[in-house]
Every structure is written in C-alpha cells, then in structure tokens.
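An overview of the molecular structure
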Amino acid sequence: MKGTTLFSRYVILSLYTLLIVCMGIATIVERQHGSAGAHASVYGTWWFAALWAVLALVSLAYLVRRGVLRRGAVALLHLSFAVILAGALLTRLTAESGTLHLRQEATATAFTGTDGAERRLPFAVSLCRFAIVYYPGTDAVMDYQADLRIAGPDGATDSITVAMNHIGRADGYRFYQSAYDDDLKGVVLLVAHDPYGIAVTYAGYLMLLAGLVWTLASRRTRIRSLYRRATAAAPLLLLAFLCPTDATAQHTDGTIRKDLAREVAAIPVLYDSRICPLNTPATAFVTKLCGDDTWQGLSADEIFVGWMIHYHAWETKPIIKVAHREVQQMLGISGPWAAVTDFYTPQHAYKLEGKANDMTLDEGTRKAVREADEKIRLITMFYNSEMLRMFPLETDGQMVWHTPGSTALPQGVPEAEFQFINHAMDHLVMHLLAEDADGVRLMAAKIRLYQREKAGDAVPSTFTLRAETFYNRLAACRLAPRLCLVLGLVACVMALSAARRWRRWLMVIVAAMAAYLTLLIALRWWISGHVPLGNGYETMLFMAWTAIVLTLVLMRRFALLAAFGPMASALCLLVASMAMGSPQVSRLMPVLQSPLLTVHVAIIMMAYTLLAFTAFVAVCCLCTGSTHEARQRRLTALSQLTLYPAVACLAAGIFIGAVWANVSWGTYWSWDPKETWALITMMVYAVPLHRSPLTDNNHPKRYHAYVLVAFLTVIITYFGVNYLMPGMHSYA
C-alpha cells in the first residue's frame, strides 16, 4: 500500500511538472509562430488534454486513498479544480464559437465557426443600429454599441444591445462586440454558444473561492501553528541597496517669466484623447527630450511656452539627451546633450536619415537611433501644434478640438468665432512678449470661457485642473523615488536594530511613505475618473502602496515587515519611475471599463506583493548561518504563513480574470501568455503548500531555495509576458 501511494505521488509530480514545462514551451512557440501555432502544437492537441485528464484522475484517486476528502476545507479546495477541469472539457466538447458580420437592416440565420464552417442559428438576427459612444466633449472612444433585433421561428421578436463588457444574449447564444465597418453601417460580432461548460466552470470557481476562505480560516490547517511560530521576534540580516544620484545642472534664466508660463500652462487642451491642462503635454514634452521635467532650472511650463515663442533660440539649446556614444558621433557632439540644430547639416539634411534601418549597425545602436529620432518627431508634432488643441467645435454631432489658426474649421462657423480661434493665441503671445500679466490672464480667461460655452461640463473643473498640475510635478519628480529608497534603507536598519528608541521614528518613516503613495494614487484616481490599475506603471504604483500599507498595519505584529515593506515599496516605485516613467493619465480602453478590472488587478498585485515578501525572507534565511536553527525555523514559518494567502489571492485573481475575459472576449480561458504564466506561477507556488521534502522542518534552506527560484515565475509573468510576448494583455 505504501509503495502504491509513493508511486502515485511520483506520477502526480511527473505529470504536474510536465504540464508546467509544456505550458512554458507553448508560450515560446506562440512568441515565434503566433497563437494559432501554439494551439496547433500544444493547447489544442489531444495529448495536452489527456495530460490534464490523467493528472486529475490520478490525483483524485490519491486523495481518496489518503483520506484527504474527509477533511472538508481541503476536500472542497481540491475538488474545485476537478470541477473546473470538467467544465473546460465540456466547453471543448460541446461549445460553438465564431464570427457574424451584419450589415444594417440585413438578416442573418447563421454564423461562421472558428473552423470556417457555417453554423445555423435557431433564430434570425439583424442589425438595427451601430454607434460609437465618445467621452463627453472629446473624440476619445468610450464604447461601441450595436442594437440587434432577434426574430424567433414562432415570429416573436426581441431587441438586445451588444457593447463592450455588455453581452447580448438570445436563446443560449452570446454576442460580443468585435469590430465594425468603416461606414458605421456594419458590425462584426463574436458568437459563443456554451450550454454546459460555463455553468460547470463557474461552479468550480465558487467552490474554489469557498475552499480558499475555509482553508485560511480553518483551525484544522497548518496556518494556526505557523502563525504562532512566525510571530516570535527574530533578528534578520541587513540587505544593502545603492541609491543612484544625478549631477545637478547649472541654472539659467528662462525666456518667459515663470508666473506667466504657469498661467498659460493652466489652459485646458485636448491631449491623448483627454481634456487636461497644457501643463500635462508640456511635462511630457520636456521629460521625453531631457529625461526630467526640468532643464537647467527651468520648469516644463517655462520651456514649453518659451519654445512656442522663441523657437529659433530653443533650437540651439542642448536640451535633447543622447546617451549612446555612436549616436553622439553621428551627430558630431562630444557629450550626452544635443540641440535640434545638431541633428541637421548646414545644408539642412537630417543626419540620422535611414540609420534606424541600417543593418550594418548593431541592434543597440539602431534602437538608440530610433529613440533619438522619436525626440525629433516629437518636436515636429510640437511645431504642428498637435499639443495645442484648445478650441472645441461640434461637427456632425461629435466634438472636435482645433489648434490655433486651424485650417480645418468646418464651414458655417460665425465670423467672430472664426477670428477668435485664429487670433486668440496671437494676442496671448503679444501679452507674453510684453510681460503683461493682466493681459495674459485676460486672454487665458477668454479661452477658458469659450471652452466652457462649447464643451460644457466636459471641461474639468478648475480644482481638477490644478490637481493634475500638482500631480504632474509630484509624479515627474525624480528625487521622490530615490528619497523613498533611502528612507526604506533607513527603516530597514532601524527595524533590524534592537534599540526600542528607533520604533517611533520607524513608524514616522513608514507613515510618510504611505501618505506619499496614497496621495499619488488618489490624485491619479481623481484625475482619470477610474481606479488607476490600467497599465504597468499604475500596477507597480499599486504594488508599492500595498506593500507599505501592509507594513503600516502589521509591522507591530510581524517585525520583519518593518524591514521588508519600506524597501519593497521603494523598489516598486523606483522600477515604475525608471522603467516606465510616469505615463500620462489617459482614458481607459473600452474593454477595460469593467468593475472586474479593479478587483482582478488589485488581488493579483496583492499576491505578487506577498510572493515578493517570501522571496525576501528566503534571502534572509539563506544568508543566515547554520548555527541559527531556531531563527531559520521561525523565518520558514513566517514565509509559509505568507504563502497561503499569496497563493489564495493568486488563485482568486485568476478566476476573477477568467470571468472578466468571458464577459469581454467570449471565452473564460484562451491560453493567452499572461493567463498561462499566471497559472504556471500558481502551480509552482502550490507545491510547497503540500507536505513534501520541501516543507521538512529539518531542512528549511531547501524550502527557501525553492521559493527564491519560484519568484522567477512572478518576474516572467509580470515583466517578461507584458513586454516580450504578444497577447490580449499587451496593454497591461
């Protein structure tokens, strides 16, 4: 009997490992050959489905033999995965899916399946109307809506609406918005019919949620004993981090007075499909050119407004940062700073022409050329007034924002209005040149009044505009992340010190970092109008906030958090600042306008934060000498205690994401690289939750080595998949 049980464990472990490896390989195949290639070679094959089926059957047999199913919480948790797999199998065997192209007033009784075959519908469907819904006062798309008429075989009719994150349902068939014709008289819908699989899979998700909650709250699981062992105080080793510094630039006088530049920068404009203060594109413009929102003591407002007027003078200023040495040689400069004039020969020929695609250059040089070329293109956009769309006019039912002196004004514009749009900026510039503060304020007020009359409530309030300007300065400050890193290092030293006199100052540091991050997120939330979890920068910011808030709440109970939390938070903030900058606040893509987005991303980021904590503890334990066995066991208990809610959050986040995917794309699981690697991460971290040689208390370093290596899956899931692999999560 014992030999049979041991054999079953080896079979389960072998199948489990094989599935993880196959899924990892499949994402690489998808990177090279696309999703169709990955499905043809792995995901859609009979042997891949057979591996899952055999693993489920062998695992259930093992659980029955070991009597695990008699333990309520553990039984419910494990059976939920069997139900989810059964639902997936039903979907694979019984579901239909495809596309349906409808023209207005045309009737269809069939759709095209994914295999190219025609599939009959039990009713007739026709398109009554299709419309693009825009954010008020802008040309940014908020939603796509199609009104359909359903006619049954008995002559009864019904009307349904299909929109992003709003499914149209008829007789068990579901319709999703996919694409539309250029003339807005036709629409392409995704069609899905899954009579059994979704219900069974969702039942499995509910069982999983109940099992997770029951397991975490149960007195019969290992969590209670781990809690008692982990809360004992234990000194830790210090991890040192270096804080980079920048040389300060010399100050120089600006060409426009700072107060006048700020007045102009407060004028609302349409930028990146959103109405915001001119300070926002000004900050983006200057940051893109020189890597900071200031240059030689001048603010982004001063540089942007000054360049608008004295463009010849600014073209000779070395404001463009070019770090690559070979690109510097192409431009004929001796350092990292170049002026616009350095990019052109005396005969006005562009020095980087064709260099981005010159295969004689190495990839690093070509990339550096492209980065430099982007900066010149940005200046060209600036000269074309693409960042000065400040005059709204309604045209054919849509609000269009025009630039000063625009030649694209619609016919029929009243003469007075035409003259104002074409000459308001000229008058503003005259007052700027004369340093007439009252005149500048008056013209800025007239422009804002015109915007209110034309765009109404679509123009943000004065408070919101000022809040965004303050946020731009706060978020663009390069010193803040490095200061947080220094404070995190100081907090780490204080936490590791046995002196009680540091505890009050430690609390002050953690509270200050929490206040800063809370203010940053709150401002971004207020400005954007949605929870800031829509891109990589925002999720890293949320992860930093989660780490520091957890520290603030739990540091008195878990001393290790006081050392880990501030450092983890500061590093997340630094990664966001260095890798992604501070991307402009923008409207959410229509597919992201779902309340499930906030829950899904927040829970996943909570899981990543806790898994990062286990990696930190692993480093501490691996660096601890073998003579400190008691300390190692306490650290192991703390790590295992953290691992339970981490895996629970990851599992919950995955199935909430699956529900969101079903609402948005018509399928709850599509083997997208992000989905696949999230599943791999959960499976890898689920291993040490079971009793095995990894959880042997006599060999704690074995467990911590595994946890540290496992953290690579988190890095791949978050960074590798987001930026190296295509898929539906490429915006994340």
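Please refer to the structure placed before this passage.
Note that the coordinates shown come from a computational prediction; the quantities given were computed from them, not determined experimentally. (Residues numbered from 1 in each chain as written. Predicted model: local features only at pLDDT ≥ 70, side-chain atom pairs only at ≥ 80, totals over all residues. Heavy atoms only, no water.)

**What to know about the overall build of the protein chain**
The test is simple: Secondary structure elements are taken from DSSP: a helix is a run of H or I of four residues or more, a strand is a run of E of two residues or more, and numbering for both begins at the N terminus. Remark: exposure states derive from per-residue accessible area (1.4 Å probe, protein chains only) relative to the maximum for the residue type, with buried under 20%, exposed over 50%, and partly exposed in between. By definition in these notes, contact holds between two residues if any of their heavy atoms fall within 4.5 Å. Computed with the Shrake-Rupley method and a 1.4 Å probe, the accessible areas treat only the protein chains shown as cover for residues.
Within the protein chain one finds 22 helices and 16 strands. Evaluated residue by residue, the protein chain yields a buried proportion of 49% over its 732 residues. Long-range pairs, those at least 24 residues apart, make up 66% of the contacts in the protein chain with a sequence separation of at least 6. As displayed, the protein chain has an accessible area near 34,600 Å², and 60% of this comes from carbon and sulfur atoms.

**Looking at the pattern of salt bridges**
The line we're drawing: We count a salt bridge whenever a side-chain nitrogen from Lys or Arg sits within 4 Å of a carboxyl oxygen from Asp or Glu.
Tallied over the entire structure, the rule returns 15 salt bridges. Its salt-bridge partner being arginine 119, residue glutamate 96 comes within 3.9 Å of it at the nearest N-O pair. Of this pair, glutamate 96 sits in strand S1 (residues 96–103) while arginine 119 sits in strand S3 (residues 118–134), placing them 23 residues apart in sequence. Across the pair arginine 257 and glutamate 435 runs a salt bridge, and its minimum N-O distance is 3.9 Å. Of the two residues, arginine 257 sits in the loop between helix H5 (223–230) and helix H6 (258–265) while glutamate 435 sits in the loop between helix H12 (415–433) and helix H13 (437–455), which places them 178 residues apart along the sequence. Taken together, the shared-partner salt bridges connect Glu96, Asp115 and Arg119 into one network.

**Quick notes on empty space enclosed by the protein**
Under the convention used in this document: The pocket and cavity definitions rest on a 1 Å grid over protein atoms only: a 1.4 Å probe that fits but cannot leave marks a cavity, an open set with protein on both sides within 12 Å along at least five of seven lines marks a pocket, and residues lining either have an atom within 4 Å of a point. Grid points are joined across faces, edges and corners, and a volume is the space filled by probe spheres set on the points. Note on residue classes: Ala, Val, Leu, Ile, Met, Phe, Trp, Tyr, Cys and Pro are nonpolar, Asp, Glu, Lys and Arg are charged, and everything else, Gly too, is polar.
Summed over the entire model, instances satisfying the criterion amount to two cavities of 30 Å³ or more. Taken as a whole, the second largest cavity holds about 30 Å³ of empty space. Lining the second largest cavity, in full, are Ala163, Met164, Asn165, His166, Tyr176, Gln177, Val663 and Ser664. Elements that contribute at least two residues to the lining of the second largest cavity include exactly strand S7 (173–180) and helix H20 (629–665). Its residues placed into classes, the lining of the second largest cavity shows four nonpolar, four polar and no charged.

**A closer look at the environment of threonine 294**
Topologically, threonine 294 is positioned in strand S11 (residues 294–295). Residue classification places threonine 294 among the partly exposed positions, given a relative accessible area of 37%. As a C-alpha pair, threonine 294 and arginine 473 span 179 residues in sequence and 9.8 Å in three-dimensional space. Each residue touching threonine 294, except ones within four places of it in the same chain, is listed here: Val286 and Ser299.

**As for the packing of aromatic side chains**
Keep this limit in mind: Two aromatic rings, drawn from Phe, Tyr or Trp (for Trp, its six-membered ring), form a pair once their centres lie within 6.5 Å of each other, and the interplanar angle then sorts them: stacked below 30 degrees, edge-to-face above 60, tilted otherwise.
According to the stated counting rule, one finds 28 aromatic pairs in the structure shown. Aromatic pair phenylalanine 123 and phenylalanine 175: ring centres 6.2 Å apart, planes at 65°, arrangement edge-to-face. Of this pair, phenylalanine 123 sits in strand S3 while phenylalanine 175 sits in strand S7, and the two are 52 residues apart along the sequence. Phenylalanine 175 shares its class with phenylalanine 123; the two are buried. Between phenylalanine 285 and phenylalanine 382, the aromatic rings sit 4.8 Å apart at their centres with planes inclined by 25°, giving stacked as the arrangement.

**Quick word on H6**
Applied cut-off: Along the arc lie the directions from the helix axis toward the C-beta atoms.
Taken together, the buried positions of H6 are Leu260, Ala261, Val264 and Ala265. Taken around the axis of H6, the buried residues stretch over an arc of 135°, which confines them to a single face. Its buried side turned inward, H6 meets strand S10 (274–277), helix H7 (279–290), helix H8 (300–309), H12 and H13.

**A look at unusual backbone geometry**
Located in the positive-phi region is leucine 184, a residue other than glycine, with phi close to 65°. Examined against the element boundaries, leucine 184 turns out to sit in the loop between S7 and strand S8 (186–193). Within the chain, glutamate 435 stands out as a residue other than glycine whose phi angle is a positive 55°. Using a relative accessible area of 43% as the deciding quantity, one classes glutamate 435 as partly exposed.

**A few points about the environment of glutamate 435**
In the structure, glutamate 435 is positioned 179 residues away from isoleucine 256 in sequence and 8.2 Å away in space, judged by C-alpha atoms. With near-sequence residues (within four places) excluded, glutamate 435 lies in contact with Arg257 and Leu260.

**Some remarks on the packing of H6 against H13**
Each pair of packed helices can be described by the angle between their axes along with the distance between the axes. Short version of the rule: To obtain each axis, a line is fitted to C-alpha atoms, and for helices this fit is confined to the stretch in contact; angles are then taken between N-to-C directions over 0 to 180 degrees. In these notes the angle categories are as follows: under 35 degrees is roughly parallel, over 145 is roughly antiparallel, 65 to 115 is roughly perpendicular, and the rest is oblique.
In contact at an axis separation of 9 Å, H6 and H13 are set at 5° when each is read in the N-to-C sense. Comparing the axis directions of H6 and H13 gives the class roughly parallel. Of the residues in H13, those touching H6 at Leu260, Glu263 and Val264 are Ala437, Val440, Arg441, Ala444 and Arg448. Looking at the contact of H6 with H13 residue by residue, the classes come out as five nonpolar, no polar and three charged.

**Let's talk about the environment of aspartate 436**
Secondary-structure assignment places aspartate 436 in the loop between H12 and H13. Taking the C-alpha atoms as reference points, aspartate 436 and leucine 260, 176 residues apart in sequence, are found 8.6 Å from one another.

**A word on the nonpolar core**
In plain terms, the rule: We define a nonpolar core as any set of buried Ala, Val, Leu, Ile, Met, Phe, Trp, Tyr and Cys residues linked to one another through side-chain atoms lying within 4.5 Å.
Counting residues in hydrophobic clusters, the biggest one holds 107 residues, and the most contacted among them are Met23, Phe48, Trp52, Tyr516, Leu520, Tyr608 and Tyr685. The element contributing the most residues to this core is helix H19 (residues 595–622), with 15 residues. The residues touching leucine 520, leaving out its near neighbours within four places in the chain, are Tyr471, Leu474, Ala475, Tyr537 and Leu541. Judged by nonpolar contacts, the second largest core, of 61 residues, contains Val269, Cys290, Leu432 and Ala437.

**Comments concerning the sheet that holds S7**
We count it as follows: When DSSP finds two or more bridges between a pair of strands, those strands are recorded as paired.
Taken in spatial order, the eight strands line up as S5-S4-S3-S2-S1-S8-S7-S6 in an open sheet, and their pairing is antiparallel. Whereas interior strands pair on both sides, the edge strands pair on one side only; in this sheet they are strand S5 (157–163) and strand S6 (168–170). Between one strand and the next, the sheet's axes are offset by a mean angle of 40°, whatever the strand orientation. Across 10 bridges, the pairing between S3 and strand S4 (residues 141–151) is antiparallel. In the strand pairing of S4, alanine 131 is matched with glutamine 145.

**Focus: the pairing of S5**
The sheet contact formed by S4 and S5 spans seven bridges and is antiparallel. The residue bridging alanine 151 from the neighbouring strand is threonine 157, located in S5.

**Some remarks on a nonpolar patch on the surface**
Formally: Each patch is built from residues that are more than 30% exposed by relative accessible area and take part in no salt bridge. Like charges join if they lie within 9 Å; nonpolar side chains (Val, Leu, Ile, Met, Phe, Trp, Tyr) join within 5 Å.
A cluster of nonpolar side chains, namely Leu479, Leu483, Val486 and Val490, defines an oily patch on the protein surface of about 330 Å² accessible area. Mapped onto the secondary structure, valine 486 falls in helix H15 (residues 479–496).

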